[in-house]
Amino acid sequence: MEFVQQGKIQDIDSFLNQIVKLAYETEQIKLDPQLVRQASDYLIQNEHFGLYLLYRSDQITKGSIMLTKEYNIYNGYVQWVQSVYVEKEYRCQNIFRCLFMQFLSLAKENEAKKCKLYVYKENQLAQKVYQKVGMKQNDEIIYEDDFFFNQSAGLKLKENIKISAINNSEELQKYLSSGHKSLSYNIHEEELAKIDMYIGYLKNPYIMASKDQYNLIALYFTEFSDWRFGITIWFYDFISNTDDPKIIEDLLHQILASIRLNSLNFNPIPRCTRIIINKDNGFLINILQNIIPESHYFVYEIVL
């Protein structure tokens with residue numbers, strides 16, 4: 001009998017090695033199986049971050065994917081495909097397609113606006129598989145500061161730049177009414193209406209860096225990482241009352257450095273920071289290139 005099921009704690013042994021093998025086969029990263037076990041256990045017990053889908057046949061887990069959840073005031077709920085793996089001896093048997101169809105069913109059930117994934121740029125075989133199920137590469141670029149797998153000295157806090165929190169829509173509205181503007185989008189009332197709900201989903205506030213009269217407010221979503229047993233902070237927009245690139249660079253640098261130090265006490269602990277922007281946003285790209293490198297991923301999506 002063949003079926004797709006949601007992974008439970010008692011199933012971890014059946015797919016743990018798939019996560020470990022995936023990391024090595026795609027990016028030559030050797031994961032600690034015990035850390036992955038703890039991370040998988042945590043995710044299963046904290047479903048607001050996501051869940052696992054398992055393809056089972058003859059009492060064998062032949063393939064698995066992880067689902068994570070994005071809450072974005074512009075795009076609404078977006079569902080991400082993560083950690084896709086099918087055992088080598090069972091590939092080319094439509095196992096991924098079965099897993100993906102169940103993934104899409106959950107996305108529609110939860111009224112997702114679109115589904116996304118990121119894939120290693122050199123992994124052309126995987127990209128062809130994703131294209132066959134209707135996903136297309138989009139125009140987004142990812143910049144990345146991975147301080148779990150790349151434990152270099154990295155970004156340092158600057159003096160005289162304060163980090164604080166934006167806890168609700170009223171606070172953000174106050175800044176918007178005093179001349180603060182998005183660096184990527186036009187913010188409308190319908191987006192502001194989602195902020196309180198999405199801050200609740202995040203279980204953490206938005207972040208603001210301030211120096212003198214200048215502010216930079218960072219909007220983000222979180223992704224649970226079973227490779228790292230922690231979260232990746234994904235920034236998708238910045239709101240500021242200045243368009244001076246140097247000031248914005250300093251404020252953004254401080255936000256990214258504060259994530260490394262977890263100065264806002266995120267739980268689980270941040271392990272990586274990513275910034276996702278459209279490739280035609282030359283203003284932000286010029287700033288980011290001075291702070292963190294572009295990642296080695298493409299972004300694929302399917303609109304529902």
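Everything here concerns the structure above.
Here goes a summary of the coordinates provided. (Residues numbered from 1 in each chain as written. Predicted model: local features only at pLDDT ≥ 70, side-chain atom pairs only at ≥ 80, totals over all residues. Heavy atoms only, no water.)

## Topic: the state of the cysteines
What the rule picks out here adds up to 0 disulfides. Its sulfur unpaired, C92 is 14 Å from the next cysteine sulfur, which belongs to C98. Overall, C92 belongs to the exposed group, its relative accessible area being 87%. (Disulfide = S-S within 2.5 Å. Buried < 20%, exposed > 50% of the residue type's maximum accessible area, 1.4 Å probe, protein only.)

## Description of the environment of K121
You can see K121 is positioned in the loop between β5 (114–120) and α4 (124–132). On the basis of relative accessibility, which here comes to 23%, the residue K121 falls in the partly exposed class. Between the C-alpha atoms of K121 and F298, which are 177 residues apart in sequence, the distance is 5.7 Å. Not counting residues within four places of it along the chain, the set of residues in contact with K121 comprises Q127, E294, S295, H296, Y297 and F298. Side chain to side chain, K121 and E294 meet in a polar contact 3.3 Å long. (Helix = DSSP H or I, 4+ residues; strand = E, 2+ residues; numbered from the N terminus. Contact = heavy atoms within 4.5 Å. Polar contact = N/O pair within 3.5 Å; in protein donor to acceptor, adjacent residues only side chain to side chain.)

## A few points about the packing of helix α5 (residues 169–176) against helix α6 (residues 189–202)
Relative orientation of the contacting elements α5 and α6 amounts to 145°, with a least axis distance of 8 Å. Contacts between α5 and α6 involve S169, L172, Q173 and L176 on the former and, on the latter, E189, L192, I195 and D196. Residues that form the contact of α5 with α6 fall into these classes: 4 nonpolar, 2 polar and 2 charged. (Axes fitted to C-alpha atoms, helices over the stretch in contact; angles between N-to-C directions. Nonpolar A, V, L, I, M, F, W, Y, C, P; charged D, E, K, R; others polar.)

## A look at the environment of D11
Along the polypeptide, D11 turns up in the loop between β1 (2–6) and α1 (12–27). You can call D11 buried: its relative accessible area is 12%. Distance from D11 to I195, taken between C-alpha atoms, is 36 Å for residues 184 residues apart in sequence. The contact partners of D11, leaving out residues within four places of it in the chain, are Q5, Q6 and L54.

## Quick word on the nonpolar core
Judged by nonpolar contacts, the single largest core of 107 residues is most densely connected at Y206, F235 and I275. Setting aside chain neighbours within four positions, we find I275 in contact with I141, I142, Y143, F235, F238, L252, L256, L288 and I292. (Core = buried A, V, L, I, M, F, W, Y, C linked by side-chain atoms within 4.5 Å.)

## Quick notes on α4
Among all positions in α4, only A126, Q127 and Y130 are buried. All buried residues of α4 project into a common sector of 100° when viewed along the axis, lining one side. Facing away from the buried side of α4 by over 90 degrees, the exposed positions are Q124, L125, K128 and K132. Those residues of α4 that are buried are in contact with β4 (76–86), α3 (95–109), β5 and β14 (297–303). G134 occupies a position one or two residues after α4 and carries a positive phi of about 100°. (Arc of directions from axis to C-beta.)

## As for the layout of surface pockets
Here the idea is plain: a probe the size of a water molecule rolls over the atoms and shows the empty space left. Of the pockets and cavities examined, the largest pocket occupies roughly 1,100 Å³. For the largest pocket, the lining is made up of 38 residues, of which V84, N123, A126, V129 and Y130 are closest to its centre. Of all elements in the fold, only α1, β4, α3, β5, α4 and β11 (214–225) reach the threshold of two or more residues within the lining of the largest pocket. Within the lining of the largest pocket, the residues separate by chemical class into 21 nonpolar, 7 polar and 10 charged. As a volume, the second largest pocket reaches approximately 220 Å³. (1 Å grid on protein atoms, 1.4 Å probe; cavity = no way out; pocket = protein on both sides within 12 Å on 5 of 7 lines; lining within 4 Å. Points joined across faces, edges and corners; volume = space filled by probe spheres on them.)

## Some points on empty space enclosed by the protein
As enumerated under the stated definition, the model contains 2 cavities of 30 Å³ or more in all. Surrounding the largest cavity, H48, F49, K69, E70, Y71, Y201, L202, F221 and T222 form its lining. Elements that contribute at least two residues to the lining of the largest cavity include exactly β3 (60–72), α6 and β11. A volume near 50 Å³ is recorded for the second largest cavity. Taken together, E70, N72, N75, W80, K116, E140, Y185, F221, Y236 and I276 make up the lining of the second largest cavity. Its residues placed into classes, the lining of the second largest cavity shows 5 nonpolar, 2 polar and 3 charged.

## Here we look at the side chain of Q79
Note on placement: Q79 falls in strand β4. Accessibility expressed as a relative area gives 0% for Q79, which makes it buried. A polar contact of 2.8 Å, which involves the side chain of Q79, links it to the side chain of Y77. Here F103 takes part through its backbone oxygen, which lies 2.9 Å from a polar atom of the side chain of Q79. Other than its neighbours up to four places away in sequence, Q79 contacts L67, T68, F103, L106, A107, N110, A112, K114, C115 and K116.

Keep in mind these values describe shape, not function.
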